[in-house]
Amino acid sequence: MTYAPHEESGYNFAYLDEQTKRMIRRAILKAVTIPGYQVPFAGREMPLPYGWGTGGIQVTAAILGQTDILKVIDQGADDTTNAVSIRRFFEKTSGVRTTLKTTEATVIQTRHRIPECPLGEAQILVYQVPIPEPLRWMEARESETRKMHAMAEYGVMHVKLYEDIAHMGQIVRSYDYPVRVNDRYIMTPSPIPKFDNPKLDNMPALQLFGAGREKRIYAVPPYTKVVSLDFEDHPFEIQSWDQGCALCGANDSYLDEVIMDDAGGRMMVCSDTDYCEQRREAGHIGPMAAPYENTEAAQ
Amino acid sequence: MNALQAIQATNTQRIDPEPPLLRVRNLNKHYGRNLGCGNINFDLWPGEVLGIVGESGSGKSTLLNCLSAKIEADSGEIFYTDQHGETVEFRALPESHKRKLLREDWGLVHQNPRDGLRLRVSAGANIGERLMATGARHYGNIRLNAMNWLDRVEIDTNRTDDMPLRFSGGMQQRLQIARTLVTQPRLVFMDEPTGGLDVSVQARLLDLIRRLVDELGVSCIIVTHDLAVARLLAHRLMVMKDGHVVEHGLTDQVLDDPHHPYTQLLVSSILQV
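Described below are features of the structure shown in this document. (Residues numbered from 1 in each chain as written. Chains lettered and ligands numbered in written order. Predicted model: local features only at pLDDT ≥ 70, side-chain atom pairs only at ≥ 80, totals over all residues. Heavy atoms only, no water.)

1. Comments concerning the sheet that holds strand β7 (residues 185-187) of chain A
Backbone hydrogen bonds hold the strands of a sheet together, and the pairing may be parallel or antiparallel.
Residues and elements named next belong to chain A.
In step 1: One open sheet accounts for three strands, arranged β7-β6-β10; its pairing is antiparallel. Bordering the open sheet on either side are β7 and β10 (226-228), each of which pairs with just one other strand. Each neighbouring strand pair of the sheet contributes to a mean axis angle of 30°, computed without reference to strand direction.
In step 2: In terms of strand pairing, strand β6 (residues 179-181) meets β7 through three bridges, oriented antiparallel. The residue of β7 that forms the bridge with valine 181 is tyrosine 185. (Pairing = 2+ DSSP bridges. Helix = DSSP H or I, 4+ residues; strand = E, 2+ residues; numbered from the N terminus. Axes fitted to C-alpha atoms, helices over the stretch in contact; angles between N-to-C directions.)

Structure follows, in structure tokens:
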């Protein structure tokens, strides 16, 4: 028999017990059949605080198989605390292979980003969701928001957008931008930048959303229509930058601003670290790339 | 057809009445063992303003809440004739239809404007909400419409982007009326629309309501304990006491020649200045 680290950890494969996984899988199946509908599930207590990705972890644990290859990203990066901790958690409790490469992964758990590299049919994207209810800002009562979803009463969603335009001249909401799934349910895409919203539409990969504190799972099945809300005279727009990534020169990726010193020095770099690295390996060079990387790339 | 026949034909057409907008039959509501309102029967005709008067606890608000689906009546029927001339029994409708009616055909003006407004979104968005709820998706048009309505309820259009939280009570009430009327509902319920306002503001608000109701030709049911409001706005009056309608008739008739002892008491209680 092959070495199985999870047996040594003393936990069942991928931490959760099999009955819990079955319960979560049933919720996932229901979510997939009703795109964008929030399915309540009996969320478990996880060994990390709410808000750190308990919903996403439970979904990942429920769908993870022994041959899966897992990638975990946080704000696009593989090396931040949240991503590293969750990746180690699954290495310990399931023993599955993990990777930093988007193309290699079969399951990608993400917080706040969709990878730049287009995903395929053989991949599943798992989102960590803090507040799954898109109507919460306008309506505090859960009983009422459920009715509004049931009857597709979504007029209030545009009130928020109206307010943006009235006060700022444009829709300033830049992340967690509400979408309409399959011409029916309004859904929050979790706090991804609106730059990523077009990627939600017609994506070949299955997208699963887990909210641990609110105990909700919802899904966008492969090749589903996802439309960002807007006005006819103020159409949906994504962010753009007047420069490329300082390291890899990419003009098509979401950029983070990094403060370099106290004198106002700053650089714009890809938030998707894997995408940036792949590009640099392929020989793309930005204005602030380290000199030694040039020689490495040349070799 | 000779001239006489033609005149007769147009006459019969003119006499032939539109069906009532609302027909209420045997409406009952109990709170436990206590009667909220009992055995309520009335018709409301298109373009008519019906006043419901009575002291506190007489069941006026209960009746209004039953009619506007805020609470569920125990028994009785509410027939509503929609714009296609079809009559439906409101209480038997599925909830989605009820909410659609409430959103598109009916409007509700609360006594306290804070119940009917979103205080933390701008006045423009408050008016625009009902438009957006009925499918408007053009920002420029929504805003134009909202400003037009602010103007109609005498609120300066440079307050369009201010929150109602910063408005005076009278302005909030006028904003609530604009928000309700913007989708041109066919039936509006008003619960003490002038409650809690000082008299000069009340007078202006009453003028405004009377003008708008007249211009738009909406039917109204106005609940009030203030007989002056009833006299100014209502075509017909229903006087309620202890959950029952005790008197019913044209406003002038009821107020100038009250028959029921309670109505007489009510009318004589007004301070003559």
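2. Quick word on the sheet that holds strand β1 (residues 22-31) of chain B
All names here are of chain B.
In step 1: Spatially, the four strands line up as an open sheet ordered β2-β1-β4-β5, and their pairing is antiparallel. Bordering the open sheet on either side are β2 (34-44) and β5 (87-89), each of which pairs with just one other strand. Taken over all neighbouring pairs, the strand axes of this sheet differ in orientation by 20° on average, direction set aside.
In step 2: Bridge count between β1 and β2: seven bridges; the pairing is antiparallel. Looking at the pairing, lysine 29 lines up with cysteine 37 of β2.
In step 3: In this fold helix α2 (residues 60-67) packs onto β1, β2 and β4 (75-81), with an angle of close to 120° to the strand it touches most, β1. (Contact = heavy atoms within 4.5 Å.)

3. Some remarks on the side chain of glutamate 129 of chain B
In step 1: Along the chain, glutamate 129 of chain B turns up in helix α5 (residues 123-133).
In step 2: Among the polar contacts made by the side chain of glutamate 129 of chain B, one reaches the side chain of arginine 179 of chain B at a distance of 3.1 Å.
In step 3: Residues within four places of glutamate 129 of chain B in sequence aside, it is in contact with Val156 and Val159 of chain A together with Arg118 and Arg179 of chain B. (Polar contact = N/O pair within 3.5 Å; in protein donor to acceptor, adjacent residues only side chain to side chain.)

4. Some points on the interface of chain B and chain A
In step 1: Taken together, the contact pairs 21 residues of chain B with 21 residues of chain A.
In step 2: Both sides together, the interface formed by chain B and chain A hides about 1900 Å², and carbon and sulfur atoms give 59% of it.
In step 3: For chain B, the biggest contributors to the area lost against chain A are Arg99, Arg137 and Tyr139 of chain B; these three give 39% of the whole.
In step 4: Between the two partners, chain B and chain A, sit four salt bridges.
In step 5: Across the salt bridge formed by glutamate 153 of chain A and arginine 103 of chain B, the nearest N and O atoms sit 2.9 Å from each other. (Buried area = accessible area lost by both parts, 1.4 Å probe. Salt bridge = Lys/Arg side-chain N within 4 Å of Asp/Glu carboxyl O.)

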